[in-house]
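# A look at the structure
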Amino acid sequence: MWNTFKYTIAALLREKNVLLWALLFPIVLASLFFVMFANIEEAYEFQPIPTAIVDNGAFEDAESFDAMIEVLSEPGDDQVLDAHFVADDASARKLMDEGEVEACIQVGADGKPQLYLPSAQKLETGTSVSQTILKDMIDRYLHTQKAVEQIAEENPGAFADPGFLSSLTDLGSYTQEISVTANKSSESVRYFYALLGFSAIMAANISLVGITRTQANLSPIGARRAVGATSRLKTLAATLGACWVLSFACLMIGFIYIRFVLGIDFGGRDAACTLGLAAASLMATALGAAIGSIPKLPENAKSGILTGLSCTLALFAGLYGTSSQRLADELARTAPLVQAANPSKQVADLFYSLYYYDTLDQFFAVITVILAITAVLALVAAIFMRRQRYASL
């Protein structure tokens, strides 16, 4: 039995197609994802608002507003404006027409700042938020200026108190940023988690080939094993054990590459990820055994079935972009049992539970579902792999 285990591993390592789909293809696809989504998180971060500032005489006279613009334009984490200083109104409008800036600020003859926005036809998606920020900034400045002027008329002695001056500009903070998940929400990790789900299904190719090679009517090796001294039960047990070890090794190599080479975050729970991959590889082994043990079906046809199944299940796990993710989410809401029966989705959810949840309760719940799927697939495989008799080989 030990010899069967060793020789099965050696034989499967020589199968180039098996290693291509189970090991190399996920690594290549992960590398492509990393390049494609390298800047995806930056799209959700605040960027300084490109704004044209008309630097005329009125702007220079409005010293307090000039100082505010200077502070808001200072480079750093708190930078709000990307100021483009221009000499006149015509230059500012030209920048707006060319899309270089999202708005223009000009100080009028009365010393009050005025905000100019592009026409509705020229507005682009995403600029409304930035323009709302600029409007709020101008409004707050004008309100503060009006309050100072009114206080100066009614109670000029109040300005002798330094604390009073600071209170006029101190808006305070009435909100606190909190996270409802264990880790910061990330758009990119979903693709890599779905990729690992896809990889788990593709790893089923290993047990598919291994089990097919034990069938006497489909493989010369299977015919020799059928007349050998090792019992069929020991042959199948050693073969499945070897397939599980190789599947687990392929998934672990892919995980290590994604985790440590590409630097994708898994919530800092690498030990739990290893346990999850062990369960996922066990499910992959059972899936490959169930398909590989189908009687009388040639190996190429079985590989085609598995490839088609892998691609289809990955669709509902959100691997193929935003539309696929929306479909997966909608299906999870309307037909949760269908998604629960999707091995690829369950493997992806395995890593979600580690990344977004504070405890391991959800992780073990997903593990239970994966083991249940494994048990069903193992039962199907056992039915197909029961003792078979052949009139001839």
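Overview of the structure.

The rules we used
- Residues numbered from 1 in each chain as written.
- Predicted model: local features only at pLDDT ≥ 70, side-chain atom pairs only at ≥ 80, totals over all residues.
- Heavy atoms only, no water.
- Buried < 20%, exposed > 50% of the residue type's maximum accessible area, 1.4 Å probe, protein only.
- Helix = DSSP H or I, 4+ residues; strand = E, 2+ residues; numbered from the N terminus.
- Pairing = 2+ DSSP bridges.
- Phe/Tyr/Trp six-rings, centres within 6.5 Å; stacked < 30°, edge-to-face > 60°.
- Lys NZ or Arg CZ within 6 Å of the ring centre and 35° of its normal.
- Core = buried A, V, L, I, M, F, W, Y, C linked by side-chain atoms within 4.5 Å.
- Contact = heavy atoms within 4.5 Å.
- Polar contact = N/O pair within 3.5 Å; in protein donor to acceptor, adjacent residues only side chain to side chain.

## Some words on the pairing of strand β1 (residues 49–54)
Most of β1 sits inside the fold, with six of its six residues counted as buried. Here β1 shows no split at all, with I49, T51 and I53 on one side and P50, A52 and V54 on the other all buried. In terms of strand pairing, β1 meets strand β3 (residues 103–107) through three bridges, oriented parallel. Residue pairing in the sheet places I53 in a bridge with I105 of β3.

## What about the packing of aromatic side chains?
For any two aromatic rings, the description comes down to two numbers: the centre-to-centre distance and the angle of the planes. Applying the stated criterion to the full structure yields 14 aromatic pairs. Centroid distance Y193 to Y352: 5.5 Å. Interplanar angle 85°. Geometry classified as edge-to-face. Of this pair, Y193 sits in helix α8 (residues 189–202) while Y352 is found in helix α16 (residues 343–356), placing the two residues 159 residues apart along the sequence. Y193 gets classed as buried once you look at its relative accessible area, which sits at 0%. With centroids separated by 5.2 Å and ring planes inclined at 70°, the aromatic side chains of F363 and F364 adopt a geometry described as edge-to-face. Every member of this aromatic cluster is reached through a ring pair, and the members are Y193, F255, F266, F351, Y352, Y355 and Y356. A cation over an aromatic ring shows up here: R93 above the ring of Y116, its NZ or CZ 5.2 Å from the ring centre. Here the guanidinium or amino end of R259 rests over the ring plane of F260, the centre of that ring lying 4.8 Å away.

## Examining the nonpolar core
Ranked by internal contacts, the top residues of the largest apolar core, which has 66 residues, are F33, Y193, L195, I206, I258, F266 and F351. Examining the composition of this core, we find that eleven residues originate from one element, α8, more than from any other. If sequence neighbours within four positions are ignored, I258 has contacts with A30, F192, L195, L196, G263, I264 and F266.

## Some points on the side chain of S207
When you line up the elements, S207 lands in helix α9 (residues 204–212). Here A204 takes part through its backbone oxygen, which lies 3.2 Å from a polar atom of the side chain of S207.

## Side note on the pairing of strand β4 (residues 113–116)
Bridge count between β3 and β4: four bridges; the pairing is antiparallel. Note that in β4 the partner of I105 across the bridge is L115. The antiparallel pairing of β3 with β4 creates a hairpin that spans five residues between the two strands, and G111 there sits at a positive phi of about 85°.

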